[in-house]
Amino acid sequence: MSEFDTKLVHGQSQHDNQTGAVNVPIYNSSTYIFPKVDSKITWDYARSGNPTRNYLEDQLAALENGTQGFAFSSGLSAIHAVLSIFSPGDHIIIGNTIYGGTFRLINQFFKRWDLKFTEVDTQNLDEVEKAIQPNTKAIYFETFTNPLLKVTSVKAISKVAKAHHLLTIVDNTFLTPYLQRPLDLGADIVVHSATKYLGGHSDVVAGIAVAKDKAIADRIYFNQNGVGAVLSPEDSNLIRRGIQTLAVRLDRHLSNAAKIVAFLQNRPEVSKIYYPGIEGSKDYEIATAETNGYGGIVSFELEKGLKTTEFVENLDLIQLAVSLGAVESLIELPYKMTHAELSPEEQLEAGITHQLVRLSVGIEDPKDLIHDLSQSLDQLSKDKVIEESSGR
Ligand SMILES: *Cc1c(COP(=O)(O)O)cnc(C)c1O
């Protein structure tokens, strides 16, 4: 039995390798030959199955300790296929700070098909229990929330779910199986936007779902094949390749993030840092108990009066863009960019202030990242000093 990091690199053994190729080929075939009309063949049509995609799906199932994996053309299509296993009238409890696109899918799509949802703070188990109704079928949440990195215990939620015969569904995009394997902690389904860390290079949009049990896997497969939002063979290959370097990339993301947090803690311009790796919070305790690392996303607030727009625009190396989890560092202002769909009141309630900045720490040399943050913070302080002295 190989160790996890070895499994990342080597993947699953291939069934039909007649060439000696080290990697699974990209099979660009939409259809497959039946030797005889009655032949039982593994692949017949590429929406139903494709060897390159199936290789990736088997790899993810093995890494997450599930029975079957599914690769989709986006994270949201994976989430769509998973939520589509439920029926009109079913009720699902959801985390109140889940990804905006998932909220949109729930509020503007699934509610029209009469799925019911209740939003709760999944850190508060009482609130979760109180939300359970006779027609409740599942609890859906993200282990680390975006952008404030609140941590929910997969163990605690799964325990509540099991006691009430509900499914536990975890979007674990921020952690990946390298840092946490929710199925081992009691969850039933794990989903990922593979666009982020699994792909890791900002060059592909993809989604993954992995189920623990065969019966649930069969229902997800029905949706995947029935709708056909499958990941293309080329993109399956890119995610396969991304996964091979997941361990080394994430090790660097983690060490860079820790160094940047230490740097920010010593800057007077920074009033608050959100990172589960900072000791002394409930988030730290849960993350320490249930993950192998605190992730590569660091959010922080600048002191009142300092302009976050100037700060992000004055960075040279760190790029202003949405998305996260790639080799290059990306920064953004949630209130203007990723969370702009929320009304000002909703933003305030979610803790998304105009002072908040979200940084996806890349794998560059940490000295360069810190130098860049430092020079941009210096410019803000200078402006402030000038403002203050001219005001006198
Ligand atoms: C990006 C993201 C998604 C959506 O994935 P796409 O690949 O963009 O469709 C879902 N959940 C989380 C946590 C994300 O960060």
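Remember, it's a predicted structure, so these values are computed and weren't measured experimentally.

With five of five residues buried, strand 2 (residues 91–95) lies mostly within the body of the structure. In strand 2, alternate side chains face the same way, and those of His 91, Ile 93 and Gly 95 on one face and Ile 92 and Ile 94 on the other are all buried. Taken together, strand 2, helix 4 (residues 100–108) and strand 3 (residues 116–120) constitute a β-α-β crossover, and its handedness is right-handed. Relative to strand 4 (residues 136–142), strand 2 runs parallel, the two being bridged by four bridges. When the sheet's bridge partners are listed, Ile 92 is paired in strand 4 with Ala 138.

Time to look at the nonpolar core. Judged by nonpolar contacts, the single largest core of 78 residues is most densely connected at Ile 239, Val 298, Phe 300 and Phe 311. Top contributing element to this core by residue count: helix 10 (residues 246–265), with nine residues. Summarising the domain contributions, this core has at least three residues from each of domain 1 (4–244) and domain 2 (246–389). Not counting residues within four places of it along the chain, the set of residues in contact with Val 298 comprises Ala 257, Val 261, Leu 264, Ile 273, Tyr 274, Tyr 275, Val 357, Arg 358, Leu 359 and Val 361. With 29 residues, the next largest nonpolar core counts Phe 70, Leu 115, Leu 167 and Ala 211 among its residues.

Quick look at the packing of aromatic side chains now. One pass over the full model with this rule turns up six aromatic pairs. Seen in terms of ring centroids, Phe 109 and Trp 113 are 6.2 Å apart; in terms of plane orientation they differ by 45°. Their pairing is tilted. For Phe 109, a relative accessible area of 27% puts it in the partly exposed group. Here the aromatic rings of Phe 300 and Phe 311 are separated by 6.0 Å at their centres, their planes lie at 75°, and the arrangement is edge-to-face. Of the two residues, Phe 300 sits in strand 9 (residues 297–302) while Phe 311 sits in helix 12 (residues 308–313), which places them eleven residues apart along the sequence.

Split into domains, the chain comes out as domain 1 (4–244) and domain 2 (246–389). Here the C-alpha centre of domain 2 lies 28 Å away from the C-alpha centre of domain 1. With both chains or domains summed, domain 1 and domain 2 bury close to 3000 Å², and 60% of this area falls on carbon and sulfur atoms. The largest share of the area that domain 1 buries against domain 2 comes from Leu 148, Leu 179 and Tyr 197, three residues that together contribute 25% of it. Between domain 1 and domain 2 we count one salt bridge in total.

What follows deals with the sheet that holds strand 1 (residues 68–72). Read across the open sheet, the seven strands follow the order 1-7-6-5-4-2-3; overall the sheet is mixed. Whereas interior strands pair on both sides, the edge strands pair on one side only; in this sheet they are strand 1 and strand 3. Averaged over all pairs of adjacent strands, the angle between strand axes in this sheet comes to 20°, irrespective of strand direction. For strand 1 and strand 7 (residues 207–211), the ladder comprises five bridges, and the chain directions are antiparallel. Its bridge partner being in strand 7, Gln 68 is matched across the sheet by Ala 211. Against the sheet, helix 8 (residues 214–227) contacts strand 1, strand 5 (167–171), strand 6 (189–193) and strand 7, and its axis sits at roughly 20° relative to strand 1.

Moving on: the environment of Val 361. Relative to the helices and strands, Val 361 is located in the loop between strand 12 (356–360) and helix 14 (366–391). Along the backbone, Val 361 and Ser 329 are 32 residues apart, and their C-alpha atoms lie at a distance of 4.8 Å.

Moving on, we come to the environment of Ser 255. Looking at the element boundaries, Ser 255 is found in helix 10. The spacing of Ser 255 and Asp 114 is 141 residues in sequence and 45 Å in space, taken between C-alpha atoms.

To continue, consider helix 2 (residues 51–64). Taking 1.5 Å per residue, 14 residues should reach 20 Å; helix 2 reaches 20 Å between its end C-alpha atoms and fits that length. With twelve of 14 residues buried, helix 2 lies mostly within the body of the structure. Residues of helix 2 that are buried: Pro 51, Thr 52, Arg 53, Asn 54, Tyr 55, Leu 56, Glu 57, Gln 59, Leu 60, Ala 61, Leu 63 and Glu 64. Between a side-chain oxygen at the N-terminus of helix 2 and the backbone nitrogen of Thr 52 the separation is 2.9 Å; the capping residue is Asn 50. A positive phi of about 60° marks Asn 65, the residue just after helix 2.

Moving on: the site of the ligand. In the region of the ligand, 14 residues are neighbours, and Gly 75, Asp 171, Ser 193, Thr 195 and Lys 196 sit closest. A distance of 2.9 Å separates an oxygen atom of the ligand from a polar atom in the backbone of Gly 75. Between an oxygen atom of the ligand and a side-chain N or O atom of Lys 196, the distance comes to 2.7 Å. Compared with its free state, where it exposes 380 Å², the ligand has 92% of that area covered by protein.

Attention shifts here to the UniProt feature "modified residue: N6-(pyridoxal phosphate)lysine" (unreviewed entry) in the chain. Feature annotation in UniProt assigns "modified residue: N6-(pyridoxal phosphate)lysine" (unreviewed entry) to the following positions: Lys 196. The residue Lys 196 is located in the loop between strand 6 and strand 7 in this model. Excluding residues within four positions of it along the chain, Lys 196 makes contact with Thr 173, Ser 323, Leu 324 and Gly 325.

This paragraph deals with the side chain of Glu 142. Tracing the chain through its elements places Glu 142 in strand 4. Although Glu 142 is buried, it forms no salt bridge, and the closest oppositely charged side chain is Lys 196 at an N-O distance of 8.7 Å. Within polar-contact distance, the side chain of Glu 142 engages the backbone nitrogen of Tyr 99 at 2.6 Å. Once residues within four sequence positions are removed from consideration, Glu 142 is found in contact with Thr 97, Ile 98, Tyr 99, Thr 152 and Asp 171.

Definitions and limits used
Residues numbered from 1 in each chain as written. Predicted model: local features only at pLDDT ≥ 70, side-chain atom pairs only at ≥ 80, totals over all residues. Heavy atoms only, no water. Buried < 20%, exposed > 50% of the residue type's maximum accessible area, 1.4 Å probe, protein only. Helix = DSSP H or I, 4+ residues; strand = E, 2+ residues; numbered from the N terminus. Right-handed = clockwise from strand over helix to strand, strands pointing away. Pairing = 2+ DSSP bridges. Core = buried A, V, L, I, M, F, W, Y, C linked by side-chain atoms within 4.5 Å. Domains from an automatic or database assignment. Contact = heavy atoms within 4.5 Å. Phe/Tyr/Trp six-rings, centres within 6.5 Å; stacked < 30°, edge-to-face > 60°. Buried area = accessible area lost by both parts, 1.4 Å probe. Salt bridge = Lys/Arg side-chain N within 4 Å of Asp/Glu carboxyl O. Axes fitted to C-alpha atoms, helices over the stretch in contact; angles between N-to-C directions. Expected span 1.5 Å × (residues − 1). Polar contact = N/O pair within 3.5 Å; in protein donor to acceptor, adjacent residues only side chain to side chain. Near = heavy atom within 4 Å. Areas by Shrake-Rupley, 256 points an atom, 1.4 Å probe, with all protein chains shown as cover. UniProt positions renumbered as here; feature names shortened; annotations may be inferred. Lys, Arg positive; Asp, Glu negative; His and termini not counted.

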